[in-house]
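What follows is each chain in one-letter form.
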Amino acid sequence: MADRLTPEHRSWNMSRIRGKNTKPELLVRSLLHAKGYRYRLHGVSGGTKLPGNPDLVFAGRRKVIFINGCFWHFHDCRVGQHAPKANAEFWETKRTRTRNRDADQRRQLESAGWEVLTVWECELRDRPALEEHLEQFLAAD
């Protein structure tokens, strides 16, 4: 299917996609805050930036949470496996680079003694399961 938008309009649309304070991130933050958990935002701990700028940092627990969009971070779900047909080579390269960068940042954090959890956008649909998953992660020592 051909793109119905002009290249300029498509570029404008893509420039509006945020990396911070996304709807999935705000949902997880409000859920955890309501449960009494307190955290730092966007990869800051003790005044230093952590590798990959995790969305939520629990410095006292040495735990971080990334909240990833399935498409952008190449999740194994249906949305993450959808590959755009227009400019396919560009998207394949971009998404592969993102996946490799995510894995590298996770290794850096784990080698520095941090526990890492990735919450995928598709997991937000089952709220009770998400709450249980988050509480298990944060409660474990």
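Here the structure is shown first, and the text comes after it.
Residues numbered from 1 in each chain as written. Predicted model: local features only at pLDDT ≥ 70, side-chain atom pairs only at ≥ 80, totals over all residues. Heavy atoms only, no water.

K.L.:
Looking at this structure, I do not really get the pattern of salt bridges. What am I missing?
P.N.:
A side chain with one charge can pair with a side chain of the opposite charge if their charged atoms come near. Evaluation of the coordinates by the stated rule reveals six salt bridges. Ionic pairing is found between Glu115 and Lys63, a salt bridge with its closest N-O pair at 4.0 Å. Residue Glu115 is located in strand 6 (residues 115–120), and its partner Lys63 is located in strand 5 (residues 63–68); the two are separated by 52 residues in the primary sequence. Residue class for Glu115 comes out partly exposed when judged on its relative accessible area of 31%. Judged by relative accessible area, Lys63 falls into the buried class, the value being 2%. (Salt bridge = Lys/Arg side-chain N within 4 Å of Asp/Glu carboxyl O. Helix = DSSP H or I, 4+ residues; strand = E, 2+ residues; numbered from the N terminus. Buried < 20%, exposed > 50% of the residue type's maximum accessible area, 1.4 Å probe, protein only.)

K.L.:
I would appreciate a short explanation of the environment of Arg62 in the present structure.
P.N.:
Within the element layout of this structure, Arg62 appears in the loop between strand 4 (56–58) and strand 5. Here the alpha-carbon distance between Arg62 and Val116, two residues 54 residues apart in the chain, equals 8.9 Å. Sequence-distant contacts of Arg62, that is, excluding residues within four places in its chain, are made with Ala112, Gly113, Trp114 and Glu115. A distance of 2.6 Å separates a polar atom in the side chain of Arg62 from the backbone oxygen of Ala112. (Contact = heavy atoms within 4.5 Å. Polar contact = N/O pair within 3.5 Å; in protein donor to acceptor, adjacent residues only side chain to side chain.)

K.L.:
Help me out: how do you make sense of the pairing of strand 6 in this one?
P.N.:
The buried count for strand 6 comes to five of six residues, which makes it a mostly enclosed element. Here six bridges tie strand 5 to strand 6, and the two strands are oriented parallel to one another. Pairing of Val64 across the sheet is with Val116, part of strand 6. (Pairing = 2+ DSSP bridges.)

K.L.:
I'm lost on the packing of aromatic side chains in this one. Help?
P.N.:
How two aromatic rings sit relative to each other is given by the distance of their centres and the angle of their planes. If you walk through the whole model with that rule in mind, you get one aromatic pair. Summarising the aromatic geometry, the rings of Tyr39 and Phe58 are spaced 5.9 Å apart at their centres and angled 70 degrees between planes, so their arrangement reads as edge-to-face. With Tyr39 in the loop between helix 2 (23–34) and strand 1 (40–41) and Phe58 in strand 4, the pair connects residues that are 19 residues apart, well separated along the chain. Sitting over the ring of Phe137, Lys63 keeps its end group 5.1 Å from the ring centre. (Phe/Tyr/Trp six-rings, centres within 6.5 Å; stacked < 30°, edge-to-face > 60°. Lys NZ or Arg CZ within 6 Å of the ring centre and 35° of its normal.)

None of this, on its own, says anything about what the molecule does.
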